[in-house]
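# Chains, contacts and geometry: an overview
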Amino acid sequence: MSHNRRTAARSARILGVSAASAALALSAAGSALACSLADFSAAALCDGGKGVITVTDKDASGVPAVVTVYLENNGSDLRQVGEQTVIGTKGGAQVQFAEEWKPGAVYRVHVTATRGNKTFVNDDVPLLTAPAKACAAEQTAKPSPSTSPSATGKPSPSPSTPSGTATPAPSDATATASGSAAAPAPGNDVSPAAQESNLAETGADSNTPVIAGIAAALVVVGGAAVFFGMRRRGAGNRH
């Protein structure tokens, strides 16, 4: 019996040590997963040229937390920027508050994290001071002005004349000018008027009728002389 009692006592001590070790392990694991203020951080950033305040929650246990941001002025709340709820993750969950912060502005970020009836966090993260340089507004690219047809240097097409439209007749002044321009330059061809002038210069002048009359008179006189001579010769032969 004494031997059995010693064996039972030894077994009880072993079980007790194991239970205590398990309890300590569970306690340590619970403490590691518990939500704390160290899981929260805040920063003043720029998003697309606009200011924002970003709060990050790295609570791996996922306890819901209410984050409230205040703008401070000489240690007192000047105004409330906003309030949002965040559920933390191991990688970090974020919430953003649109705020056109001024360089050097100070903000207070309060966190309240509760689950059921237990409150894990009800405190402020360290005061947040905005950067010394404000966010630069993004420059929106303006579309380049479209090039007009006249700027390309290409002449605009003139309206074509309809095929059925008659061409107007030229005026007298136009006809005279075109006629003068179309007159051929004098060449080697001799015009009829020029030929007549040359003929007149070569003998057909005003003395030609006189000479012809004298020649006809001489022909008549000569014929008469021949006639009378022949008659005398015939009369002499008869005697």
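Right, let's walk through the structure included here. Predicted model only: the values in this text are computed from it and were never measured.

Now for the pairing of strand β5 (residues 93–98). With burial as the criterion, only one face of β5 is covered, namely that bearing A93, V95 and F97; the residues Q94, Q96 and A98 on the opposite face remain uncovered. Pairing of strand β2 (residues 50–57) with β5, which is carried by six bridges, proceeds in the antiparallel orientation. Considered in β5, the bridge of T54 is made with Q96.

Moving on, we get to the state of the cysteines. Cysteine pairs can be covalently joined through their sulfur atoms, and such a bond is termed a disulfide. What the rule picks out here adds up to one disulfide. Note on cysteine connectivity: C46 is disulfide-linked to C135, with sulfurs 1.9 Å apart. On the sign convention where negative is left-handed, the bridge of C46 and C135, at about -90 degrees about the S-S bond, is left-handed. Residue C46 is found in strand β1 (residues 40–47), and its partner C135 is found in the loop between β8 (128–129) and α2 (172–182); the two are separated by 89 residues along the sequence. Judged by relative accessible area, C46 falls into the partly exposed class, the value being 44%.

Definitions and limits used
- Residues numbered from 1 in each chain as written.
- Predicted model: local features only at pLDDT ≥ 70, side-chain atom pairs only at ≥ 80, totals over all residues.
- Heavy atoms only, no water.
- Buried < 20%, exposed > 50% of the residue type's maximum accessible area, 1.4 Å probe, protein only.
- Helix = DSSP H or I, 4+ residues; strand = E, 2+ residues; numbered from the N terminus.
- Pairing = 2+ DSSP bridges.
- Disulfide = S-S within 2.5 Å.

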